[in-house]
Amino acid sequence: MKRYFLIGIVFMICASINAQMKWNSRYQAYIDQYKDLAIAEMLKYDIPASITLAQGLLESGAGMSELARKGNNHFGIKCHDWGGATTYHDDDEEQECFRKYRDVYESYEDHSRFLARQPRYRSLFRLKRTDYKGWARGLKKCGYATSPTYANKLIGIIELYKLHKYDKATKYDRFMVSRSEVKGIAPGTNLHQIHIYNKNYYLIARAGDTFKSIAKEVGISYKKIAKYNERDKNDTLNPGEVVYLKKKQKKADKAYKNRPHRVKAGESMYSIAQYYGIRTESLYKMNKLGPDYSLKAGDCLRVR
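Residues numbered from 1 in each chain as written. Predicted model: local features only at pLDDT ≥ 70, side-chain atom pairs only at ≥ 80, totals over all residues. Heavy atoms only, no water.

Of regular secondary structure, the chain possesses twelve helices and seven strands. C-alpha atoms of the chain, sized along the principal axes, occupy 85 × 45 × 30 Å. Looking at the 304 residues of the chain, the share that counts as buried comes to 44%. At a minimum sequence separation of 6, the contacts of the chain that also span at least 24 residues come to 62%. When the accessible surface of the chain is summed, it comes to about 17100 Å², and 51% of that surface belongs to carbon and sulfur atoms. (Helix = DSSP H or I, 4+ residues; strand = E, 2+ residues; numbered from the N terminus. Buried < 20%, exposed > 50% of the residue type's maximum accessible area, 1.4 Å probe, protein only. Contact = heavy atoms within 4.5 Å. Areas by Shrake-Rupley, 256 points an atom, 1.4 Å probe, with all protein chains shown as cover.)

Here helix α5 (residues 104-117) is 14 residues long and its end C-alpha atoms lie 20 Å apart, about the 20 Å a rise of 1.5 Å per residue gives. Burial runs high along α5: eleven of the 14 residues are buried. Listed as buried for α5 are Val104, Tyr105, Glu106, Ser107, Tyr108, Glu109, Asp110, His111, Ser112, Phe114 and Leu115. Elements in contact with the buried residues of α5: α2 (25-45), α3 (49-60), β2 (96-99), α6 (132-141) and α8 (174-179). The residue sitting at the N-terminus of α5 and contributing the capping side-chain oxygen is Asp103; that oxygen lies 3.3 Å from the backbone nitrogen of Tyr105. (Expected span 1.5 Å × (residues − 1). Polar contact = N/O pair within 3.5 Å; in protein donor to acceptor, adjacent residues only side chain to side chain.)

The next thing to look at is the packing of α2 against α5. Packing of α2 against α5 leaves a shortest axis separation of 10 Å and a crossing angle of 40°. What the angle tells us is that α2 and α5 run oblique. Between α2 and α5 the crossing geometry is right-handed. Across from Tyr30, Tyr34, Leu37, Ala38, Glu41, Lys44 and Tyr45 in α2, the residues of α5 making contact are Val104, Tyr105, Tyr108, Glu109, Ser112, Arg113 and Ala116. Per-class residue counts for the contact of α2 with α5 are nine nonpolar, one polar and four charged. (Axes fitted to C-alpha atoms, helices over the stretch in contact; angles between N-to-C directions. Parallel < 35°, antiparallel > 145°, perpendicular 65-115°, else oblique. Left-handed = near helix turned anticlockwise from the far one by under 90°. Nonpolar A, V, L, I, M, F, W, Y, C, P; charged D, E, K, R; others polar.)

Under the counting rule described, the total for this entry stands at one disulfide. What pairs with Cys79 in a disulfide is Cys97, and their sulfur atoms sit 2.1 Å apart. Taking the sign of the torsion about the S-S bond as the criterion, the disulfide between Cys79 and Cys97, at about -75°, is left-handed. Linking Cys79 in the loop between α4 (66-71) and β1 (86-89) with Cys97 in strand β2, this pair joins segments that are 18 residues apart in sequence. Given the relative accessible area of 23%, Cys97 is considered partly exposed. (Disulfide = S-S within 2.5 Å.)

As a further point, take the layout of surface pockets. As a volume, the largest pocket reaches approximately 670 Å³. Around the largest pocket, the lining is made up of 32 residues, and of these Gln33, Tyr34, Thr189, Asn190 and Leu191 lie nearest the centre. Counting residues per element, the lining of the largest pocket draws most heavily on α2, which supplies five residues. Partitioning the lining of the largest pocket into residue classes produces 14 nonpolar, eleven polar and seven charged. Contributions of two or more residues to the lining of the second largest pocket are made by α3, α4 and β2. Taken together, the residues of the lining of the second largest pocket sort by class into ten nonpolar, eight polar and eight charged. (1 Å grid on protein atoms, 1.4 Å probe; cavity = no way out; pocket = protein on both sides within 12 Å on 5 of 7 lines; lining within 4 Å. Points joined across faces, edges and corners; volume = space filled by probe spheres on them.)

All right, on to the sheet that holds strand β4 (residues 200-204) then. The sheet built from three strands is open, its strands ordered β3-β4-β5 with antiparallel pairing. Strands with a single pairing partner mark the edges of an open sheet, and in this sheet they are β3 (195-197) and β5 (242-244). Across the sheet, the mean angle separating the axes of adjacent strands is 40° when strand polarity is ignored. Examined bridge by bridge, β4 and β5 share three bridges and lie antiparallel to one another. Paired with Ile204 across the two strands is Val242, which belongs to β5. Here helix α11 (residues 269-276) sits on the sheet in contact with β3 and β5, set at roughly 70° to β5. (Pairing = 2+ DSSP bridges.)

Moving on: the packing of α3 against α6. Packing of α3 against α6 brings their axes to within 9 Å, and their N-to-C directions diverge by 45°. Of the possible angle classes, the one that applies to α3 and α6 is oblique. Our pair here, α3 against α6, has a crossing hand that is right-handed. Where α3 approaches α6, its residues Ser50, Ile51 and Gln55 are matched on the opposing element by Tyr132, Trp135, Ala136 and Leu139. Of the residues that constitute the contact of α3 with α6, the class distribution is five nonpolar, two polar and no charged.

Take a look at the structure:
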């Protein structure tokens, strides 16, 4: 009877955790930003990307915790056997010492090395990469965290956001990984979310953005970014503008084959080209138009 009672208690705890866990757009944005970094670490150290992401989400509050904002520490790793920069934070005790990193990439890399080199975690590396439940329970058993529900929280996050799909990945987006290594960004900076469209990367400009401020964040020359967007490097950016981070394509995505664009009032050849992620010059050529052509509402333009 005692055994069944304990099983019932565990079941109720798991059910309670799952019931409280709801999809969060901030969590999804964090996943989109760091999933490639987690995959890169997995392919190097054999730690499931799902576990790395779930721990990062849980330990850093999706990058919004004080430790993450002030020290780029996304995994709550303390100062034991650490000779680098430090920061202090109330945890189990007041003002405990935590590791401080130059950037998020360094935090992820140190987390991987921390698990791979600590003898107490050695048993985890005998598990299959796809056994995220075994890893979650093993981390708790090996003493990574003191919370009795730590493993169930990790499993709940992995299953809610389907992070286990990344454990089967064999490649990653190198641009997204290199972005995590950009130096000179203050901890806690609200980074732009990077999107992918028509074989290009882009972000949405916010109030106060300039080509220089975006360049500092993404690690690309501001002159290049301006050129990719067919703009002057000193142009003012308006909130909501699409800013591409690579040279635009000559044609729109395949989805727009045999689907011409009908011009709306207020649109220009440039705004249409930006919308489809193509070069303005290519848009003119595809439609056999000269630079002096006066665009009118109702015109139909080929975009591919």
